[in-house]
Amino acid sequence: MHKPGDVILGGLFEVHYTSVFPELTFTSEPNQLSCQGFDPPGFRHAMTMAFAIDEINKNSNLLPNVTLGYSLYDNCATLVIGFSAALSLASGRDEQFLLRENCLGTPPVVGIVGDSFSTFSIATSDVIGLFRLPMVSYFATCSCLSDRQRFPSFFRTIPSDAFQVRAMIQILKRFGWTWAGLLVSDDDYGLNVARSFQSDLTQSGGGCLAYTEILPWGDNPAELRRIVDVMKKSTARVVIVFAHQIHMIQLMEEVVKQNVTGLQWMASEAWTAAAVLQTPRLMPYLGGTLGIAIRRGEIPGLREFLLQTRPDLHHNDGNSMVRQFWEHTFQCRFAPSPAGWVEAGGTLCTGDEDLENVDTEFLDVSNLRPEYNIYKAVYALAYALDDMLQCEPGRGPFSGHSCASLQKLEPWQIMYYLEKVNFTTPFGDQVSFDENGDALPIYDIMNWLWLPDGRTKVQNVGVVKKSPFRGEELTLHEDKIFWNIDSKQPPRSVCSESCPPGTRMARKKGEPECCFDCIPCSEGKISNETDSMECTSCPEDFWSSPQRDHCVPKKTEFLSYHEPLGICLTTASLLGTFICAAVLGIFIYHRSTPMVSYFATCSCLSDRQRFPSFFRTIPSDAFQVVKKNVTGLQWIASEAWTLVDGLHTPAFMPYLGGTLGIAIRRGKIPGLRDFLLRINPEHHHGNGYENSMVRQFWEHTFQCRFAPAPAGWVEAGGALCTGQEDLENVKSEFLDVSELRPEYNIYKAVYALAYALDDMLQCEPGRGPFSGHSCATLQRLEPWQLMYYLERVNFTTPFGDQVSFDENGDALPIYDIMNWLWLPDGTIKVQTVGEVKRSIFKGEELTLDEGRIFWNLETKEPPKSVCSESCPPGTRMARKKGQPVCCFDCIPCSEGKISNETDSMECTSCPEDFWSSPQHDHCVPKTTEFLSYHEPLGICLTTASLLGTFICAVVLGIFIYHRSTPMVRANNSELSFLLLVSLQLCFLCSLLFIGRPRLWTCQLRHAAFGISFVLCVSCILVKTMVVLAVFKASKPGGGAKLKWFGAVQQRGTVLVLTSVQAAICTAWLVSASPAPHKNTDYHNDKIVYECVVGSTVGFAVLLGYIGLLAILSFLLAFLARNLPDNFNEAKLITFSMLIFCAVWVAFVPAYVNSPGKYADAVEVFAILASSFGLLVALFGPKCYIILLRPERNTKKAIMGRETTKL
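These numbers were taken from a predicted model, which means no experiment stands behind them.

Visitor: Hey, could you run me through the overall build of the protein chain in this one?
Guide: Of the regular secondary structure elements, the protein chain holds 28 helices and 46 strands. Of all 1206 residues assigned to the protein chain, the portion counted as buried reaches 43%.

Structural data, given as structure tokens:
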């Protein structure tokens, strides 16, 4: 589409979105490419340029008296068509443009608006840039186009991908997304973004990429399935996509198939506004997408201009854009129509169809984004032309202060003014270009809103731009953003949650730096910031808080004069001072006696004036000085300087001796020296060159010149070359064939080509590798045919090295490993100590003869060169902040954790019943703890229990033996026997608390203890009640009361009271039985075996019932304490119950606060103490009378009033 004018602007647009290539038969001239698939938005882009030029022509303030024209081409979304169109614009159309004979005049176009694709722009600018013809793109975003060296005349009004990448990173940082996935298209646009995104993200510290995947072109379901599987398995919730609309359509088909929801998508400008993706089927997945969009602008009058489009206003050639648009819009054809069109019911176009009433994208000006960039590009060229034409002669910017003119305009002159353009659009956006040809960048931030009624809306939620004064700015209206997740809040996308104060970050081995563990600070260290890399030590007088997030003052503790220990030590100190003073006096009196020390090292004691009689057999501190010897470096040389003779000097060898280097493979070429000796300039004189290599070599070697000699050469005493000089007797590096390294590679290269030619010539006709099974011949040889055979060469040199090429054209690599040997006589030798090579079958191999290597160190051993020594088992590696991964600290594993490998990254926790060894390199079973028969405490308690049982048995035997005596018969001897039996049971039940807890011992111990003690206390209670009843019966009228306390009633009372306790125990065991339990709460490294009571209420009721009976017995005995002696056993009962209650009152707090086995020991002690108290208090006085005072064991003595009180 063309329009004449004084100055022509070119344009490249995608009016068709595909093209059909003709079949190449190579037998006839191919047809032209045909464009298919008319694109109304692409045609609107072209018409926007036409509108802008029309608007400028009507503006009297811009380019007055100059008419702009245009020449617009369709690139058909095909590189070859777009490239050809650009060349046509640059060179002009033959029928319209002819340069004068002196090649002066207005160029065909002064600038080109386009192209829309980055790849097309790269190819076109590579050529157009050679002519310095300005090219202003409105849609090519690749950051590679900012390379001013390669693309000197390229400008653009759309921001570079580099800015788009930085805009994406700003959004990631805004929402705290540090863990994201990146998908890019397989072209210049996507691959350049992938490189810049990774580097910019690392530099900004904004996060890490969980994965980077390349979306394929064309139909590749297997690859798309793999990519979606990676997305599904990744923990990254944010997916950034720099790709084209077609890639997203294919990708979303697989996303829907695998039902991958819950992702936050971030769209590049290439697909942010793609309506084909904004469907109810895809919105459950893409709803809430945040995207970067080209800046939307408003162009007043554009729609009215578009409505004026008519085919009759343009050339009526059959291929004009307007005619094709008209036929596409109204589904008609201009005459002459294609054959069969009318017969098939097709209509003919008249040109009078009403454009305003037709539904077409062409007239939609509500979302002008690429169009706005085209508008700015045209105006930028117009303002550059206007500035150029306003130049005043003699004050211009060019040679001799000249100005440019339309008659002699050069493209580079308009480019000069274009670089300095600065104007503001009617929409309020400033337009200017930086040193790379990029306009001030600005992007809209869009959000895909999924409305409740199912409709889709793409709304503007912010802007990101760069201004000359404020730099890059991000403005976001977060309250307007729609989040497609249940919480309606921005999602979390991090590899590791932030480390709170009190912890530090420890990077996970082999993972990105965003993936780390939070390690608690050790004792005495804190971190008071989130994501601290290191924990800092508290000041000397402070210690870390329990949370390790701040330092607190240390508790002050000192030895005080007011505490007993301080008083004792002060007394001892003063006493020692007094003794020292006395000894000092003795020593002064006898001060001439010599003193010889064997351990005092202070150098001050060498002062003979002050210490004239002091001697010592230990050296002074002044002698203890260590001198450190700094050893040399071990150099590793590349092949570039391994064999450099200039470094093999005695001056350098103290430093470079022992160097290990890589050297090109040395080979042997038999016959080479003899061949070199046969070289003679006479054999090469026929080459026609006066300055041939051989003649120059000959003149250099023999310091002569061939005739005719240079002027003055002979006069200065120079010799003339004859060509008969003896080469063998001259000293020259040329004949040194002892170190053939590059020469050996040359030898192999020549033979490789020879073998390739040989293979080619051995081809049998009809069985060749080329088209139709043909073979190559020397007469019609093409270089690519020889290359085919060269790729398959495989031979072995006489020196034994295999030669073949891989897919990259690299031969099987082999290097010699050299060592610089410094001999004792001062000479230097570079010796071969090994080789490194790769073979087809064994892969890469390193062979080293370590015994031959010379190490330039005192130890003559390989030096150690590590940043940090390996961490032994029992420790883990912790990387040092800001240093390479090889630099780390070895942190001992904490208690309960181990590492059993060298250089472990983490310590692993031991199983529940195990604990770490002292070295923390393996787990050992935890020690078990319980009250054992084999430990001293258990032995003591067992002995006391058996002793009590034995004493009870002895007392019982005494009472049985003396059962007929008054002392035994008084106050129901049957109760006394029962009491002694119950005390025996009390002593024996304590044994159930000793030994490894088992289910039956846990169930029996408290039940036996409770029933035994209730039986005991019940007997005492009945005894007390009998004493009171007898006293009441001795009074007048009290005999009737005594019948209620006969022997049967006493036995029945004891049985009932004991049955109550038995019922309590039964209910306890049935409802919540005690059971053995492994307790690890007391000690981390021990397992405490104990019996849990099961029901605290049951245990409390059991103890409470015993306590109730004991208190009742105590109160009754206390009331009967002053009865006449001949009836009174109440005093002994009162005293025994007092002991009993005191023991068990003290038992409760001691039991609660005793851990593990000591709780059992406390309970056993309480049982034994209370049992011994009852035994001694109740039966001690009686045994005393029975055994030692038998005269008082008579009825008369017991009944008499004169009986001595017990």
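Visitor: Is there a simple way to explain unusual backbone geometry in this structure?
Guide: It is generally the case that most residues other than glycine have a negative phi and that most peptide bonds are trans. For the bond from Gly 114 to Asp 115, the omega torsion is 0 degrees, close enough to zero to count as cis. Mapped onto the fold, Asp 115 is located in the loop between β6 (111-113) and α3 (118-128). At Lys 488, a residue that is not glycine, the phi angle is positive and equals roughly 55 degrees. Its place among the elements puts Lys 488 in the loop between β20 (471-476) and β21 (503-507). Look at Lys 488 and you get partly exposed, because its relative accessible area is 46%.

Visitor: Looking at this structure, how should I read the environment of Ser 432?
Guide: Along the chain, the position of Ser 432 falls in strand β17 (residues 430-432). Considering only alpha carbons, one finds Ser 432 and Leu 418, 14 residues apart in sequence, at a separation of 8.7 Å. Apart from residues lying up to four places away in sequence, Ser 432 is in contact with Val 421, Asn 422, Asp 438, Ala 439 and Leu 440.

Visitor: For this particular structure, what's the right way to read the sheet that holds strand β45 (residues 1075-1079)?
Guide: Backbone-to-backbone hydrogen bonds join strands into a sheet, with any given pair of strands oriented parallel or antiparallel. Pairing is mixed in the open sheet, where 3 strands are placed in the order β44-β46-β45. In this open sheet, the two strands that pair with only one neighbour each are β44 (927-929) and β45. Here the average twist between neighbouring strands, direction ignored, is 30 degrees. The pairing of β45 with strand β46 (residues 1086-1092) spans 5 bridges and is classified as antiparallel. Within β46, the position partnered with Ala 1075 by the bridge is Val 1092.

Visitor: Please explain the state of the cysteines as it appears in this structure.
Guide: Formally, a disulfide is one covalent bond, and it connects the sulfur atom of one cysteine to the sulfur atom of another. A full pass over the atoms with the stated rule returns 16 disulfides. At a sulfur-sulfur separation of 1.9 Å, the disulfide partner of Cys 867 is Cys 887. When the S-S torsion is 115 degrees, as for the bridge of Cys 867 with Cys 887, the disulfide is right-handed. Pair noted here: Cys 867 is in the loop between β37 (843-848) and β38 (875-879) and Cys 887 is in the loop between β38 and β39 (888-892), with a separation of 20 residues, a long-range link. Through a disulfide, Cys 1002 is tied to Cys 1091; the S-S separation comes to 1.8 Å. An S-S torsion of about -65 degrees defines the bridge between Cys 1002 and Cys 1091 as left-handed. In this pair, Cys 1002 is assigned in helix α22 (residues 999-1033) and Cys 1091 in strand β46, connecting sequence segments 89 residues apart.

Visitor: Is there a simple way to explain helix α1 (residues 40-58) in this structure?
Guide: Since one α-helical turn is 3.6 residues long, residues separated by three or four positions face the same way. Its 19 residues give α1 an end-to-end C-alpha distance of 26 Å, which sits within 8% of 27 Å, the value for a rise of 1.5 Å per residue. Counted residue by residue, α1 has 16 buried out of 19 residues, so it is predominantly covered.

Visitor: Is there a simple way to explain the packing of aromatic side chains in this structure?
Guide: We describe a pair of aromatic rings using the distance from one ring centre to the other and the angle between the two ring planes. In this structure the tally under the stated criterion is 43 aromatic pairs. Every member of this aromatic cluster is reached through a ring pair, and the members are Phe 38, Phe 43, Phe 325, Trp 326, Phe 330 and Phe 362. Just above the ring of Trp 341 sits the side chain of Arg 333; from NZ or CZ to the centre is 4.5 Å.

Visitor: Can you walk me through a negative patch on the surface in this structure?
Guide: A cluster of acidic residues, Asp 645, Glu 733, Asp 736 and Glu 743, forms a negative patch at the surface. Tracing the chain through its elements places Glu 743 in helix α17 (residues 742-761).

Visitor: Would you mind going over the pairing of strand β36 (residues 828-839) with me for this structure?
Guide: It is a general feature of regular strands that their side chains alternate between the two faces of the sheet. As defined by bridge partners, strand β35 (residues 814-822) adjoins β36 across 9 bridges and the pair is classed as antiparallel. By the bridge assignment, Met 818 is partnered in β36 with Thr 832. Where β35 folds back onto β36 in an antiparallel hairpin, the turn is made up of 5 residues, including Gly 826, whose phi is positive at roughly 90 degrees. Where β36 and β37 come together, 6 bridges link them in antiparallel fashion. By the bridge assignment, Arg 838 is partnered in β37 with Glu 844. Turn length for the β36-β37 hairpin, with the two strands adjacent in sequence and antiparallel, is 3 residues.

Visitor: It is not clear to me how the environment of Pro 491 should be interpreted in this structure. Could you clarify?
Guide: The topology assignment puts Pro 491 in the loop between β20 and β21. Along the sequence, Pro 491 and Val 238 sit 253 residues apart, while their C-alpha atoms lie 8.4 Å from each other. Beyond its immediate chain neighbours, meaning those up to four positions away, Pro 491 contacts Trp 177, Gln 264, Trp 483 and Ile 485.

Visitor: Which parts of the structure should I look at to understand the packing of α17 against helix α18 (residues 783-790)?
Guide: Helix-helix packing is described using two parameters, namely the angle between the two axes and the distance between the axes. Between α17 and α18, whose axes approach to 8 Å, the crossing angle comes to 105 degrees. With respect to α18, the element α17 is oriented roughly perpendicular. Within the contact between the two elements, α17 uses Ala 752, Leu 753, Ala 756, Leu 757, Asp 759 and Met 760 and α18 uses Leu 786, Tyr 789 and Leu 790. Counted by class, the contact of α17 with α18 contains 8 nonpolar, no polar and 1 charged residues.

Visitor: Can you walk me through the sheet that holds β6 in this structure?
Guide: Read from one edge to the other, the open sheet built from 6 strands follows the order β1-β5-β2-β6-β7-β8, with strand pairing classed as mixed. Two strands in the sheet have a free side with no partner beyond their single neighbour: β1 (2-3) and β8 (154-156). α3 rests against β7 (135-137) and β8 of the sheet, and its axis sits at about 170 degrees to β7.

Visitor: It is not clear to me how the pattern of salt bridges should be interpreted in this structure. Could you clarify?
Guide: Any two side chains of opposite charge can pair, given that their charged atoms come close. All chains considered together, the criterion is met by 33 salt bridges. Between Glu 739 and Arg 741 there is a salt bridge, with its nearest N and O atoms 2.9 Å apart. Members of the salt-bridge network, linked through shared partners, are Arg 665, Glu 739, Arg 741, Asp 801, Asp 816, Glu 835 and Lys 837.

Visitor: Just checking my understanding: could you explain the side chain of Thr 329 for this structure?
Guide: Note on placement: Thr 329 falls in helix α10 (residues 321-330). With relative accessibility at 15%, the residue Thr 329 sits in the buried group. Of the polar contacts made by the side chain of Thr 329, one reaches the backbone oxygen of Phe 325; its length is 2.8 Å. Residues contacting Thr 329, with those up to four places away along its chain left out, are Leu 355, Val 358 and Thr 360.

Visitor: I would appreciate a short explanation of the environment of Leu 355 in the present structure.
Guide: Residue placement: Leu 355 occurs in the loop between β15 (347-348) and α11 (370-389). Using a relative accessible area of 1% as the deciding quantity, one classes Leu 355 as buried. For the pair Leu 355 and Trp 326, spaced 29 residues apart in sequence, the C-alpha to C-alpha distance is 8.9 Å. Excluding anything up to four places from it in sequence, Leu 355 contacts Leu 306, Leu 307, Thr 309, Arg 310, Phe 325, Trp 326, Thr 329, Phe 330, Phe 362 and Leu 363.

Visitor: Please clarify how the side chain of Arg 548 should be interpreted in this entry.
Guide: Take Arg 548: it is sitting in the loop between β25 (542-544) and β26 (551-553). Within the local environment of Arg 548, its side chain forms a polar contact with the backbone oxygen of Cys 521, the two atoms lying 3.1 Å apart. Arg 548 has contacts with Gly 502, Cys 521, Ser 522, Glu 523, Lys 525, Ile 526 and Ser 527, leaving out every residue within four places of it along the chain.

Visitor: Sorry if this is basic, but what is going on with the confidence of the model for the protein chain here?
Guide: The predicted coordinates should not be examined in detail at positions where pLDDT is low. This prediction gives the protein chain a mean pLDDT of 83; 90% of its residues lie at or above 70. In the model, residues 94-103 has pLDDT below 50 throughout and makes 8 contacts with residues more than four positions away in sequence or in other chains. pLDDT under 50 marks residues 613-631. Its contacts with residues more than four places away, or in other chains, come to 41 contacts.

Visitor: Got a minute to help me understand the pairing of strand β12 (residues 264-267) in this structure?
Guide: Residues of β12 alternate between two faces, with Gln 264 and Met 266 on one and Trp 265 and Ala 267 on the opposite face, all of them buried. The pairing of strand β11 (residues 238-242) with β12 spans 4 bridges and is parallel. Counted as the bridge partner of Ile 240 is Met 266 from β12. Since β11 and β12 lie parallel, the crossover through helix α7 (residues 245-258) that links them has a hand, and here it is right-handed. Relative to strand β13 (residues 290-294), β12 runs parallel, the two sharing 2 bridges.

Visitor: When you look at helix α25 (residues 1096-1119) in this model, what are you seeing that I'm missing?
Guide: The first and last C-alpha atoms of α25 sit 34 Å apart over 24 residues, in line with the 34 Å expected at 1.5 Å per residue. All of the buried residues in α25 are Gly 1098, Phe 1099, Leu 1102, Tyr 1105, Ile 1106, Leu 1109, Ala 1110, Ser 1113, Leu 1116 and Ala 1117.

The rules we used
Residues numbered from 1 in each chain as written. Predicted model: local features only at pLDDT ≥ 70, side-chain atom pairs only at ≥ 80, totals over all residues. Heavy atoms only, no water. Helix = DSSP H or I, 4+ residues; strand = E, 2+ residues; numbered from the N terminus. Buried < 20%, exposed > 50% of the residue type's maximum accessible area, 1.4 Å probe, protein only. Contact = heavy atoms within 4.5 Å. Pairing = 2+ DSSP bridges. Axes fitted to C-alpha atoms, helices over the stretch in contact; angles between N-to-C directions. Disulfide = S-S within 2.5 Å. Expected span 1.5 Å × (residues − 1). Phe/Tyr/Trp six-rings, centres within 6.5 Å; stacked < 30°, edge-to-face > 60°. Lys NZ or Arg CZ within 6 Å of the ring centre and 35° of its normal. Patch = residues over 30% accessible without salt bridge, like charges linked within 9 Å, V, L, I, M, F, W, Y side chains within 5 Å. Areas by Shrake-Rupley, 256 points an atom, 1.4 Å probe, with all protein chains shown as cover. Salt bridge = Lys/Arg side-chain N within 4 Å of Asp/Glu carboxyl O. Lys, Arg positive; Asp, Glu negative; His and termini not counted. Charge placed at Lys NZ, Arg CZ, Asp CG, Glu CD. Parallel < 35°, antiparallel > 145°, perpendicular 65-115°, else oblique. Nonpolar A, V, L, I, M, F, W, Y, C, P; charged D, E, K, R; others polar. Polar contact = N/O pair within 3.5 Å; in protein donor to acceptor, adjacent residues only side chain to side chain. pLDDT = per-residue confidence, 0-100. Right-handed = clockwise from strand over helix to strand, strands pointing away.

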